[in-house]
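Observations on the model geometry
The chain contents come next:
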Amino acid sequence: MQLVVGKIGRAHGIRGDVSVEVRTDEPELRLGPGAVLLTDPAGIGPLTVESGKVHSGRLLLRFAGVKDRTAAEALRGTFLIAEVDPEETPDDPDEYYDHQLIGLDVVLTDGTLIGELTEVVHLPYQDLLTVLRPDGTEVLIPFVEQIVPTIDLDEQRAVITPPPGLIDPADAVVVSSRGDAGDADDADDAGESEGSEGAGDSGSDDSDSDSDDSDGSGGSTGGAA
């Protein structure tokens, strides 16, 4: 079975290194030195990983035969594909390969069917499960334990506990502080009126004060393959 384990990004330096968007939870295995990877487009590969390192939080790889920046830049946008035994499973029992998840029924804890899991989207900080609903629409489910507490491969289902509004936006709970804000505005208006009356009684004249002396500006206060 073929799985996408990475996507080549920009060239780095002048010796053929490229940045790689990792799409596997086992980069040391799938993208380690000596790994031979198929590619999409197919004509670019196969590519053999010659060396790798992490730089500023990014994985940099160098492939055999890619000796300069020009050759490295020509690889940009290429998907890296690993051959994986369909019977192979991750070492961590709480991790899953994409092909194990795709096709699962997605249900609520009471058994209500939400849809079919069709894709695992790998983002830098979180994976998302794409679920195709019976009406043809899609919904993205964050693949975190609080929302997806159970993956049952024997029953071929993923049990989810979505927060209100995740599946149906109409169920979203909107918290408004408009009333409180209105009360506060009324109180401020009352305070300003009282202050004005007081100033009038005292006979003081602040018309010579220069409000332009304050010229500062305020600022506004973050699946496996």
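Parameters at a glance
Residues numbered from 1 in each chain as written. Predicted model: local features only at pLDDT ≥ 70, side-chain atom pairs only at ≥ 80, totals over all residues. Heavy atoms only, no water. Buried < 20%, exposed > 50% of the residue type's maximum accessible area, 1.4 Å probe, protein only. Helix = DSSP H or I, 4+ residues; strand = E, 2+ residues; numbered from the N terminus. Pairing = 2+ DSSP bridges. Salt bridge = Lys/Arg side-chain N within 4 Å of Asp/Glu carboxyl O. Core = buried A, V, L, I, M, F, W, Y, C linked by side-chain atoms within 4.5 Å. Contact = heavy atoms within 4.5 Å. Axes fitted to C-alpha atoms, helices over the stretch in contact; angles between N-to-C directions. pLDDT = per-residue confidence, 0-100.

Another aspect to go through is the pairing of strand 3 (residues 36-40). Taking every second residue as pointing to the same face, the buried face of strand 3 carries Leu37 and Thr39, while none of Val36, Leu38 and Asp40 on the other face is buried. Sheet analysis places strand 3 next to strand 4 (residues 47-55), joined by two bridges and oriented antiparallel. By the bridge assignment, leucine 37 is partnered in strand 4 with leucine 47. Hairpin geometry of strand 3 and strand 4 is characterised by an intervening segment of six residues between the two adjacent antiparallel strands.

So, on to the pattern of salt bridges. Taken as a whole and assessed by the stated rule, the structure comprises four salt bridges. Between aspartate 17 and arginine 62 there is a salt bridge, with its nearest N and O atoms 2.9 Å apart. Here aspartate 17, found in strand 2 (residues 17-22), pairs with arginine 62, found in strand 5 (residues 58-63); they are 45 residues apart in sequence, far enough to count as distant. The partner of lysine 67 in a salt bridge is glutamate 50, with the nearest N and O atoms 3.9 Å apart. Highlighted residues: lysine 67 in the loop between strand 5 and helix 2 (69-73) and glutamate 50 in strand 4, separated in sequence by 17 residues.

A few words now on the nonpolar core. Inside soluble globular proteins, nonpolar side chains tend to come together where they are buried. Counting 20 residues, the largest nonpolar core has Ile8, Val20, Leu31, Leu37, Leu61, Phe63 and Leu80 as the members making the most contacts within it. Contributing elements (two or more residues each) for this core: strand 1 (2-12), strand 2, strand 4, strand 5 and strand 6 (79-83). The element contributing the most residues to this core is strand 1, with four residues. Leave out the neighbours within four places in its chain, and leucine 61 touches Gly16, Asp17, Val18, Val20, Leu31, Val49, Ser51 and Gly52. Of all hydrophobic cores here, the second largest spans 18 residues; its members include Tyr96, Val106, Leu117 and Val120.

In this structure, serine 19 sits in strand 2. Look at serine 19 and you get buried, because its relative accessible area is 10%. In this structure serine 19 touches Lys7, Ile8, Gly9, Arg10, Arg58, Leu59 and Leu60, once residues within four positions along its chain are discounted.

A sheet is described by the order of its strands in space; here six strands give the open sequence 10-9-8-7-12-11, paired in mixed fashion. Pairing within the sheet leaves two strands with one partner each, and these edge strands are strand 10 (138-142) and strand 11 (150-152). Neighbour-to-neighbour, the strand axes of the sheet open up by a mean angle of 35 degrees, direction not taken into account. In the sheet, strand 8 (residues 113-122) pairs with strand 9 (residues 127-132) via six bridges, with the strands oriented antiparallel. The residue of strand 9 that forms the bridge with valine 120 is leucine 129.

What follows deals with the sheet that holds strand 6. Pairing within the closed barrel is antiparallel, and its six strands lie in the order 1-2-5-4-3-6. In this sheet, adjacent strand axes meet at a mean angle of 50 degrees when their direction is disregarded. Sheet analysis places strand 3 next to strand 6, joined by three bridges and oriented antiparallel. Counterpart to threonine 39 in the pairing with strand 6 is leucine 80.

For the rest of this paragraph, the subject is unusual backbone geometry. What is expected of a backbone is that most residues other than glycine have negative phi and most peptide bonds are trans. Each neighbour pair has its own omega, and for aspartate 40 with proline 41 the value is 10 degrees, a cis peptide bond. With respect to the helices and strands, proline 41 occurs in the loop between strand 3 and strand 4. Proline 46 follows glycine 45 through a cis peptide bond whose omega is 0 degrees. Within the fold, proline 46 resides in the loop between strand 3 and strand 4. For serine 56, which is not a glycine, the phi torsion comes out positive at approximately 55 degrees. Counting through the fold element by element, serine 56 comes out in the loop between strand 4 and strand 5. The residue glutamine 156 is not glycine, and still its phi comes out positive at about 55 degrees. Looking at where glutamine 156 falls in the secondary structure, it is placed in the loop between strand 11 and strand 12 (157-160).

Time to look at the confidence of the model for the protein chain. Caution applies to low-pLDDT regions: their predicted coordinates should not be interpreted in detail. Across the protein chain, pLDDT averages 80, with 76% of residues at or above 70. Below a pLDDT of 50 lies the segment residues 190-222, which in the model reaches one contact outside its immediate sequence neighbourhood of four places, other chains included.

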